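Below, each chain spelled out in residue letters.
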Amino acid sequence: MEKSPVLAIVVPCYKEEAVLCETHKRLTQLLDRLTAEGRIAPESYILYVNDGSTDRTWSIIEELHQNTPYACGLNLAGNVGHQNALMAGLNTVKERCDVAISIDADLQDDINAIPEMLKHYMEGCDIVYGVRQERKTDTLFKRTTALAFYRMMKIMGVKSIYNHADYRLMSRRAIRQLCRFRERNLYLRGMVPLIGYQTACVYYNRDKRFAGESKYPFKKMLNFAIDGITSFSVKPVRMIFWLGCIFILIALCVTVWTLHAYFLHDTVPGWASLMISVWLVGGVVLVSLGIVGEYIGKIYIEVKDRPRYNEEELLLR
C-alpha cells in the first residue's frame, strides 16, 4: 500500500486577526477528514507565516500552536510582502513535507478543492493550480483590469494561468526547484510555470471575504502587475526601439513635406503644430526612459543580492 503523503498548508498572513481563528477551524476540519480517509499522513500540518503584522495575528498563531492540532507558525522580522512571505513558508516546509498547498488566509479560496488537488498529485502531477471559474464576487473594475492584465501578460510572452492567483499544490521536488530561483522581484504566478513538471488545474468558485479588509488595494495590484511584466519580459524595451523607428519615419515624412512646402513658398508659421510635436516627442521620450529605468531598477535590486526575508521565530511540532 502506498504511504500517505505529509501535507503542509502554507498560509501567508498580514493583519488577519479577524479571520485567522475561523480559517484554522475550517482547515483543521478538512485535515481531520483527509487523515481519517487515509489520504494524508497524521503528521500533516498548517504553517501560518506572519508577514510583519501590527495587530494580534502572531499572538493568535502562538495560541493556535499551543492549544490546537496542526498549527505551526513562522514569524518574519518585518513586512516583506505577500510573495516573499509565501516563498519563506515554502522554503521552510520543503524538507518537512511531501506536498504543500499555498492558500490565502481570507477564506475566499475554496478549501474543498484540496481533495481534488491531492487526487491529481497521487496521479503523478507535481503542480496543481487552483483556478477560479468566474469572477462574480469581484467588482466590474477589478474584473476588467484583471482581464486586461492577463491579456497583457500573454502578449508579453509571460507564461501564466488565467484566473489563477497563488492557490496551488506543489510536490517537494517542485518546491525545491522553485527555491533555486534567486530573483528578488518575485512573481510566483509566472515563476511556477517555468518549472516544467506535469501539471493539472482544479476549478472552483471564489467566495466573498469572511471578515476584515482586502490587503491588495489598487496601488498594490498595479505594482504587482508592473513587477510581473518587467520581471519576465523584455518586450517593453523592444517596443521602445520600434516606437523610435516609427517616429524617425514620421520625422522623415514631415521633413519631406516641409521642404516641399518651403520651395513652393506655401509655409505659414505654425506655433501650435510645433508645440504639439515637442510635447508629443517629449512625452514619448519620458515614457521610454521610464520603462528603461524600470528595468535598470530591477537590475539594481538583483545585483545587491539581499535576503528576501529574515526569520524571527519558528514554531513547529
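Residues numbered from 1 in each chain as written. Predicted model: local features only at pLDDT ≥ 70, side-chain atom pairs only at ≥ 80, totals over all residues. Heavy atoms only, no water.

Turning our attention to the overall build of the protein chain. A tally of regular secondary structure across the protein chain gives ten helices and eight strands. Out of the 317 residues in the protein chain, the part that is buried amounts to 43%. Restricting the contact set of the protein chain to residue pairs at least 6 apart, pairs at least 24 apart contribute 83%. When the accessible surface of the protein chain is summed, it comes to about 17,500 Å², and 61% of that surface belongs to carbon and sulfur atoms. (Helix = DSSP H or I, 4+ residues; strand = E, 2+ residues; numbered from the N terminus. Buried < 20%, exposed > 50% of the residue type's maximum accessible area, 1.4 Å probe, protein only. Contact = heavy atoms within 4.5 Å. Areas by Shrake-Rupley, 256 points an atom, 1.4 Å probe, with all protein chains shown as cover.)

So, about the packing of aromatic side chains. Counting across every chain of the model gives one aromatic pair. Between the NZ or CZ atom of Arg 173 and the centre of the ring of Tyr 197, over which it lies, the distance is 3.8 Å. (Phe/Tyr/Trp six-rings, centres within 6.5 Å; stacked < 30°, edge-to-face > 60°. Lys NZ or Arg CZ within 6 Å of the ring centre and 35° of its normal.)

The next subject is unusual backbone geometry. Phi angles above zero are rare outside glycine, and Lys 15 is one such case at about 55°. Assignment of secondary structure puts Lys 15 in the loop between strand E1 (7–13) and helix H1 (20–36). Lys 15 gets classed as partly exposed once you look at its relative accessible area, which sits at 35%. Even without being a glycine, Tyr 70 presents a positive backbone phi close to 75°.

Counting residues in hydrophobic clusters, the biggest one holds 36 residues, and the most contacted among them are Ile 9, Val 11, Tyr 48 and Ile 114. The set of elements that each furnish at least two residues to this core consists of E1, H1, strand E2 (45–50), helix H2 (57–67), strand E4 (99–102), helix H4 (114–122), strand E6 (164–171) and strand E7 (199–204). Per element, the largest residue contribution to this core is five residues, and it comes from H1. Not counting the four nearest positions on each side in its chain, Ile 114 is found in contact with Ile 9, Leu 30, Leu 34, Ile 101 and Tyr 167. Counting residues in hydrophobic clusters, the runner-up holds 32 residues, among them Val 6, Ala 100, Ile 127 and Ile 195. (Core = buried A, V, L, I, M, F, W, Y, C linked by side-chain atoms within 4.5 Å.)

Here we come to H1. In an α-helix there are 3.6 residues to a turn, and that puts residues three or four apart on one side. Compared with an ideal rise of 1.5 Å per residue, which puts 17 residues at 24 Å, H1 spans 24 Å between its outermost C-alpha atoms and is within 8% of the ideal. Taken residue by residue, H1 has Leu 20, Thr 23, His 24, Leu 27, Thr 28, Leu 30, Leu 31 and Leu 34 as its buried positions. Contacts made by the buried residues of H1 are with E1, E2, H2, strand E3 (71–76) and H4. The first or second residue beyond H1 is Gly 38, which carries a positive phi of 75°. (Expected span 1.5 Å × (residues − 1).)

What follows deals with the side chain of Ser 44. For Ser 44, the location among the structural elements is in the loop between H1 and E2. Looking at Ser 44, the relative accessible area reads 3%, which means it is buried. A distance of 2.9 Å separates a polar atom in the side chain of Ser 44 from the backbone nitrogen of Leu 7. (Polar contact = N/O pair within 3.5 Å; in protein donor to acceptor, adjacent residues only side chain to side chain.)

Before going further, it helps to examine the packing of helix H3 (residues 82–93) against helix H6 (residues 172–179). In contact at an axis separation of 10 Å, H3 and H6 are set at 125° when each is read in the N-to-C sense. What the angle tells us is that H3 and H6 run oblique. For H3 against H6, the interelement crossing comes out left-handed. Of the residues in H6, those in contact with Met 87, Leu 90 and Asn 91 of H3 are Ile 175, Leu 178 and Cys 179. (Axes fitted to C-alpha atoms, helices over the stretch in contact; angles between N-to-C directions. Parallel < 35°, antiparallel > 145°, perpendicular 65-115°, else oblique. Left-handed = near helix turned anticlockwise from the far one by under 90°.)

Moving on, we come to the sheet that holds E1. Sheet architecture is open: eight strands sit in the order E7-E5-E6-E4-E1-E2-E3-E8, paired in mixed fashion. Because the sheet does not close on itself, it has two edges, and the strands there are E7 and strand E8 (311–315). The mean inter-strand angle of the sheet, taken between neighbouring strand axes irrespective of direction, is 20°. Across four bridges, the pairing between E4 and E6 is antiparallel. Within E6, the position partnered with Ser 102 by the bridge is Arg 168. Against the sheet, H2 makes contact with E1, E2, E3 and E8, and its axis sits at roughly 150° relative to E3, the strand it touches most. Packing against the sheet, H4 makes contact with E1, E4, strand E5 (127–132), E6 and E7, and its axis sits at approximately 45° to E6. (Pairing = 2+ DSSP bridges.)

Worth remembering: the numbers are spatial, not functional.
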